Amino acid sequence: PQSDDMRYATCTLTNIRGGFGDNAMMMDYIFLASLAYVRDNITDVALNTWFGEGVAINEEETVDTFRAEYDEGDTPVYFKLFNFPDIKLGIISIRGTSNNWDMLADSQLWSAAALMQGVRFFLPAGEIWTPILNEIVFWINRLQGEALDKISFYR
């Protein structure tokens with residue numbers, strides 16, 4: 001193990017006592033984020049292997065209850081809730097892009113930003129647009145807001 005005086009500042013995100021050991025490591029958060037992409041029966045085994053038996057709990061029932069109350073079935077957003085009861089901590093892991101339809105929606109959402117960066121790069125003196133970039137983004141959003149609302153999962 002690496003000594004504490006040699007750690008990078010980003011390796012230790014916070015001092016959380018309990019399920020994460022003495023320090024919550026970035027790898028713990030990356031691991032929890034990756035669990036949003038796996039099935040629930042694998043999630044429980046992975047949590048017990050990574051953190052120890054019963055330290056972290058996959059709250060499937062809580063998420064199902066929440067979805068039944070607040071989601072009418074038309075939201076494709078998928079997430080998991082992990083509970084660390086000994087330290088009274090809950091972490092939500094949200095799945096991002098996972099299939100071709102998600103990639104298509106992402107490309108629609110991010111195409112305006114990519115186009116603007118391309119214009120700034122290829123235009124002579126593209127940096128002159130930096131002071132008014134906020135205004136340009138505002139007006140593009142005004143023009144395309146309705147179309148983006150149709151494909152956006154997050155409102």
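Residues numbered from 1 in each chain as written. Predicted model: local features only at pLDDT ≥ 70, side-chain atom pairs only at ≥ 80, totals over all residues. Heavy atoms only, no water.

Re the packing of aromatic side chains
Then step 1. Summed over the entire model, instances satisfying the criterion amount to six aromatic pairs.
Then step 2. For the pair Phe-66 and Tyr-70, a centre-to-centre distance of 4.9 Å together with 35° between the ring planes defines the contact as tilted. Taken together, the residues Phe-66 and Tyr-70, both in helix 3 (residues 60–70) and four residues apart, mark about one turn of the helix.
Then step 3. The exposed category is assigned to Tyr-70, whose relative accessible area is 61%.
Then step 4. Centre to centre, the rings of Phe-66 and Phe-79 are 6.1 Å apart; their planes meet at 75°, and the pair counts as edge-to-face. With a gap of 13 residues between them, Phe-66 in helix 3 and Phe-79 in strand 4 (residues 79–84) connect regions that are remote in the sequence. (Phe/Tyr/Trp six-rings, centres within 6.5 Å; stacked < 30°, edge-to-face > 60°. Helix = DSSP H or I, 4+ residues; strand = E, 2+ residues; numbered from the N terminus. Buried < 20%, exposed > 50% of the residue type's maximum accessible area, 1.4 Å probe, protein only.)

Some words on the pairing of strand 5 (residues 89–94)
Then step 1. Where strand 4 and strand 5 come together, six bridges link them in antiparallel fashion. Each residue of the ladder has a partner; that of Phe-79, found in strand 5, is Ile-94.
Then step 2. Hairpin remark: strand 4 followed by strand 5, antiparallel, with four residues in the connecting loop; positive phi at Lys-88, about 50°. (Pairing = 2+ DSSP bridges.)

Points about the side chain of Thr-43
Then step 1. Its location among the elements puts Thr-43 in helix 2 (residues 40–51).
Then step 2. Engagement of the side chain of Thr-43 in a polar contact is seen with the side chain of Lys-80, the distance being 2.5 Å.
Then step 3. For Thr-43, the residues in contact, after removing those within four places along its chain, are Leu-35, Val-38, Asn-58, Lys-80 and Phe-82. (Polar contact = N/O pair within 3.5 Å; in protein donor to acceptor, adjacent residues only side chain to side chain. Contact = heavy atoms within 4.5 Å.)

Some words on the nonpolar core
Then step 1. Ranked by size, the top nonpolar core spans eleven residues in total: Phe-31, Leu-32, Leu-35, Ala-46, Leu-47, Phe-51, Val-55, Ala-56, Phe-82, Phe-84 and Ile-91.
Then step 2. Ranked by residue count, the leading element in this core is helix 2, at three residues.
Then step 3. Sequence-distant contacts of Phe-82, that is, excluding residues within four places in its chain, are made with Leu-32, Leu-35, Thr-43, Leu-47, Ile-57, Asn-58, Leu-89, Gly-90, Ile-91 and Ser-93. (Core = buried A, V, L, I, M, F, W, Y, C linked by side-chain atoms within 4.5 Å.)

Quick notes on the sheet that holds strand 3 (residues 57–58)
Then step 1. Within the open sheet, the three strands sit side by side as 3-4-5. Their pairing is antiparallel. Looking at the sheet topology across the chains shown, the edges are occupied by strand 3 and strand 5.
Then step 2. As defined by bridge partners, strand 3 adjoins strand 4 across two bridges and the pair is classed as antiparallel. Across the sheet, Ile-57 pairs through a bridge with Asn-83, a residue of strand 4.
Then step 3. In the packing of helix 1 (residues 26–34) onto the sheet, the strands contacted are strand 4 and strand 5, and the crossing angle to strand 5 comes to about 55°. (Axes fitted to C-alpha atoms, helices over the stretch in contact; angles between N-to-C directions.)

Focus on helix 1
Then step 1. Looking at helix 1, one finds that the buried residues are Asp-28, Phe-31 and Leu-32. Seen from one end, helix 1 has its buried residues packed into an arc of 95°, which puts them on one side. (Arc of directions from axis to C-beta.)

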